[in-house]
Amino acid sequence: MKLLKDAALSMIIRGLGILCLTGFLLVVSRFLSVEDYGRVEMLLALAQLFAVLSLFGFNRLTLKFVPAYVKNGDFGKVSGLLLSGYISCVLISLILFLVVFAFDSVFPQSSSVDIAMTALIFSPLLGFTL
């Protein structure tokens, strides 16, 4: 029964996240031009890609170990796991940012590089929420 409650809670949280993103996109689409809305969509797609790359599997690790640590009362391990996951996410995002920045020096006129760099700035935050 506990597994069913945890699965339902996880489904509700993910559903609320999807509804919030949909609501955000509906509001943003009313205020932006077509080109700017396309940039926002491109930014969100790249941010999600970079967040998945920069997470390096820590979201699955967190889902596996944090409940066990909380059950045993090891809150130090929980904070250590979350902090090390977030620091790794930031460092990998920084490395990806430097790669995209090098790509920018090769193709200086590309506007997609600016979008990718902005996506990389927000990818640790998105990765932490994932």
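Asks: Tell me about the overall build of the protein, residues and numbers included.
Replies: A tally of regular secondary structure across the protein gives five helices and zero strands. For the protein, the succession of helices and strands along the chain, N to C, is α-α-α-α-α. Within the protein, the fraction of its 130 residues that count as buried is 22%. Excluding contacts between residues fewer than 6 apart, the proportion of contacts in the protein whose partners are at least 24 apart in sequence is 63%. Summed over its atoms, the accessible surface of the protein is roughly 9400 Å², and 74% of this surface lies on carbon and sulfur atoms.

Asks: Kindly report on the confidence of the model for the protein, identifying the contributing residues and their values.
Replies: Confidence in the prediction of the protein, expressed as mean pLDDT, is 75, and 78% of residues score 70 or more. Within the protein, the lowest mean pLDDT, 65, falls on helix α5 (residues 111-129), and the highest, 82, falls on helix α1 (residues 2-31).

Asks: Account for a nonpolar patch on the surface, with residues named and values stated.
Replies: A cluster of nonpolar side chains, Leu83, Ile87, Leu91, Leu94 and Leu98, forms an exposed patch at the surface whose accessible area comes to about 470 Å². By secondary structure assignment, the location of Leu98 is in helix α4 (residues 75-106).

Asks: Could you give me a rundown of the environment of Glu41, with the residues and numbers involved?
Replies: Tracing the backbone shows Glu41 in helix α2 (residues 34-55). With relative accessibility at 29%, the residue Glu41 sits in the partly exposed group. Between the alpha carbons of Glu41 and Leu25 there is a distance of 8.5 Å; along the sequence they are 16 residues apart. Engagement of the side chain of Glu41 in a polar contact is seen with the side chain of Tyr37, the distance being 2.9 Å.

Asks: Could you give me a rundown of helix α3 (residues 58-72), with the residues and numbers involved?
Replies: With 15 residues, α3 should cover 21 Å at 1.5 Å per step; its first-to-last C-alpha distance of 20 Å lies within 8% of that length. Largest kink in α3: about 30 degrees, centred on Phe65, with the proline Pro67 one to four residues after it. Taken from the residues just after α3, Gly73 is the one with a positive phi, measuring 85 degrees.

Rules and cut-offs
Residues numbered from 1 in each chain as written. Predicted model: local features only at pLDDT ≥ 70, side-chain atom pairs only at ≥ 80, totals over all residues. Heavy atoms only, no water. Helix = DSSP H or I, 4+ residues; strand = E, 2+ residues; numbered from the N terminus. Buried < 20%, exposed > 50% of the residue type's maximum accessible area, 1.4 Å probe, protein only. Contact = heavy atoms within 4.5 Å. Areas by Shrake-Rupley, 256 points an atom, 1.4 Å probe, with all protein chains shown as cover. pLDDT = per-residue confidence, 0-100. Patch = residues over 30% accessible without salt bridge, like charges linked within 9 Å, V, L, I, M, F, W, Y side chains within 5 Å. Salt bridge = Lys/Arg side-chain N within 4 Å of Asp/Glu carboxyl O. Polar contact = N/O pair within 3.5 Å; in protein donor to acceptor, adjacent residues only side chain to side chain. Expected span 1.5 Å × (residues − 1). Bend = angle between axes of the 7 residues up to and from the residue.

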